[in-house]
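Structural overview
Here's the letter readout for the chains.
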Amino acid sequence: MAIDNLMGATVRIRRGWHGGRTGEVVAFDHQAGPPFSYTSVKVKLKGSGQLVMIYSLDELERLSELPSVAAL
């Protein structure tokens, strides 16, 4: 996954206890470079609203936003 600001993005968690679940990124912090690198992403799960901390971008898949359908 590209390292861009994921705030507000809809993502799917790829693995772990919450693997396959989707949610919205409510906090994103990434630091690359000396003296160390880290990533922390807080995802609010859809349905339960539970907050999950993710520490690797490899564990997330960014989902494309679906266009809204107007009521007929």
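Rules and cut-offs
- Think of each chain on its own: its residues are numbered from 1, step by step along the sequence as written.
- Thresholds applied to this predicted model are a pLDDT of at least 70 for local features of residues and 80 or more for the giving and counting of side-chain atom pairs; totals over whole chains, interfaces and linings are not thresholded and use all residues.
- The basis for every side-chain value is the complete set of heavy atoms in the structure, and neither hydrogens nor water enter the calculation.
- Buried residues of nine kinds, namely Ala, Val, Leu, Ile, Met, Phe, Trp, Tyr and Cys, make up a nonpolar core once their side-chain atoms join them within 4.5 Å.
- Residue burial is assigned from relative accessible area. The probe radius is 1.4 Å, only protein chains are included, and a residue is buried under 20% of its type maximum, exposed over 50%, and partly exposed in between.
- Each helix corresponds to a stretch of at least 4 residues labelled H or I by DSSP, and each strand to a stretch of at least 2 residues labelled E; elements are numbered beginning at the N terminus.
- The contact definition used throughout considers only heavy atoms, calling two residues in contact when any of these lie within 4.5 Å.
- If DSSP finds at least two bridges between two strands, the strands pair.

Looking now at the nonpolar core. Ranked by size, the top nonpolar core spans 13 residues in total, and within it Leu6, Val25, Val41, Val43, Ile54 and Leu60 carry the most contacts. For this core, the elements supplying multiple residues, two or more each, are strand E1 (10–13), strand E2 (22–31), strand E3 (38–45) and strand E4 (51–54). The element that contributes the greatest number of residues to this core is E3, accounting for 3 residues. Apart from the residues within four sequence positions on either side, valine 43 is in contact with Val11, Gly23, Glu24, Val25, Gln50, Leu51, Val52, Ile54 and Leu60.

Attention now moves to the pairing of E2. Taken together, the 3 bridges between E1 and E2 define a ladder with antiparallel strand orientation. Bridge pairing links valine 11 to glycine 23 in E2. Relative to E3, E2 runs antiparallel, the two being bridged by 8 bridges. The residue of E3 that forms the bridge with alanine 27 is lysine 42. Here E2 hands over to E3 after 6 residues, with glycine 33 in that stretch at a positive phi of 120 degrees.

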